[in-house]
Amino acid sequence: MGLAIALAVGNHFLWGLQPVLTRWLQHWGKIETMSLVFMCLVLSFFLNVSTSMLKAKDSKPSNGSTEEKWATKHTQQTVFVAIVYALRSSTNFMSASLTHAYTISMIQMLGVFVMAGGSWLVLHEKVPWYMWIALTISVFGSGLVIAGQSSRQDSSKLTHKDVVGICLQTFSLFFSTCSRLQMRTTEKLFTSNQFMRAQYVGGGIFSLLWCVFVTGIEESYLPWTKLKWTDWTAFFFLAIGIHFIAGTAQVYLNRELGVATYATVQPVRLIGSVTGSFLVLHEPVTGILTWAGLIVVGITVTFYVVYSKSKMEDKKNEDKNDNQQQLLESVA
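Residues numbered from 1 in each chain as written. Predicted model: local features only at pLDDT ≥ 70, side-chain atom pairs only at ≥ 80, totals over all residues. Heavy atoms only, no water.

1. Things to note about the nonpolar core
For soluble globular proteins, nonpolar side chains are generally found buried alongside one another.
And step 1. Core analysis: the largest hydrophobic core is formed by 45 residues, its most contacted members being Leu25, Leu36, Cys40, Phe195, Phe235 and Leu238.
And step 2. Of all elements in the fold, only helix 1 (2-27), helix 2 (33-54), helix 3 (67-96), helix 7 (160-185), helix 8 (192-215) and helix 10 (229-257) reach the threshold of two or more residues within this core.
And step 3. Per-element tally for this core: the top contributor is helix 10, with 10 residues.
And step 4. Here Leu25 is in contact with Lys30, Ile31, Leu36, Asp231, Ala234, Phe235 and Leu238, once residues within four sequence places are set aside.
And step 5. One finds Ile107, Val114, Val285 and Tyr304 within the second-largest nonpolar core, a separate group that totals 24 residues. (Core = buried A, V, L, I, M, F, W, Y, C linked by side-chain atoms within 4.5 Å. Buried < 20%, exposed > 50% of the residue type's maximum accessible area, 1.4 Å probe, protein only. Helix = DSSP H or I, 4+ residues; strand = E, 2+ residues; numbered from the N terminus. Contact = heavy atoms within 4.5 Å.)

Take a look at the structure:
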């Protein structure tokens, strides 16, 4: 468990760097957004296939399902996983080109609340009453960040592009929640590698069609021929380090630790984005209101997920004690 938690911390930090490197390649490398999505997913797909050939277990029918029924369900879920990821990846990458990396991570922090609502709707898990208090405080903190940026008169001032970027990241947040729920509901259908492969194919096909019919092949291709070695370093770190390694690890950790436990260290993403924005993009967080808002969101989300985890542990212990008591009474 300790090793898995440590891996979760590192995994969230890497995902915090994702909007930083994406913004680098879009602004400094002049790479078109959907072209970047396509190249990242193609490289990740081939790495996924290569590792699967070395070590992989194919999912098989379970619970007495016939092969025909299992195959039909497997195909349906594969298509669903692919569509959700195509929408998630496109909105996520597009938002990075429009607003600051730390603003994106701040929006992503609210995912724990959306995930709780999704678990209630899909998995029929109870939503704790204190979630609404934590959500209200987090929304207030997000408002402070936006207000802080609106009051600035420099390059960090909030513009209409930032508003569009925030809206796109909000959409991406809901698609991300759907994806995390799929990780839970498809455990018996897909291995981690198979799940990621379905995502790569869905996102790759969507981004390729976008490049061909919307952006244009020439505009999508030419910027790649002008990249510097620093740009290529950022790309390979983004594609291999984050989308392949961190992406595959995320599926494993969600299944190993559970969604709630994995989310307990999600505030590390914000640390990764703030650090990366300062060191890589030279876009430091400025203004008291912006800092205050980020701190409010970070502390609130941390309190919510840790408190939720402790309540879950208490409930498990109570159920365990009740079962032991019933067993002793039956023996007596």
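2. Observations concerning the side chain of Thr215
And step 1. Here Thr215 lies in helix 8.
And step 2. Only 3.3 Å separates the side chain of Thr215 from the side chain of Glu32, close enough to count as a polar contact.
And step 3. Apart from the residues within four sequence positions on either side, Thr215 is in contact with Glu32, Trp210 and Ser220. (Polar contact = N/O pair within 3.5 Å; in protein donor to acceptor, adjacent residues only side chain to side chain.)

3. Focus: a nonpolar patch on the surface
And step 1. Together, Val201, Ile205, Leu208, Leu209, Val212, Phe213, Val214, Ile217, Tyr221 and Leu222 make up an exposed nonpolar region whose accessible area comes to about 960 Å².
And step 2. When contributions to the nonpolar patch are tallied by element, the ones reaching two or more residues are helix 8 and helix 9 (217-221).
And step 3. Among the elements that take part in the nonpolar patch, helix 8 stands out by supplying 7 residues, more than any other.
And step 4. Take Val214: it is sitting in helix 8.
And step 5. Its relative accessible area of 53% is what places Val214 among the exposed residues. (Patch = residues over 30% accessible without salt bridge, like charges linked within 9 Å, V, L, I, M, F, W, Y side chains within 5 Å. Areas by Shrake-Rupley, 256 points an atom, 1.4 Å probe, with all protein chains shown as cover. Salt bridge = Lys/Arg side-chain N within 4 Å of Asp/Glu carboxyl O.)

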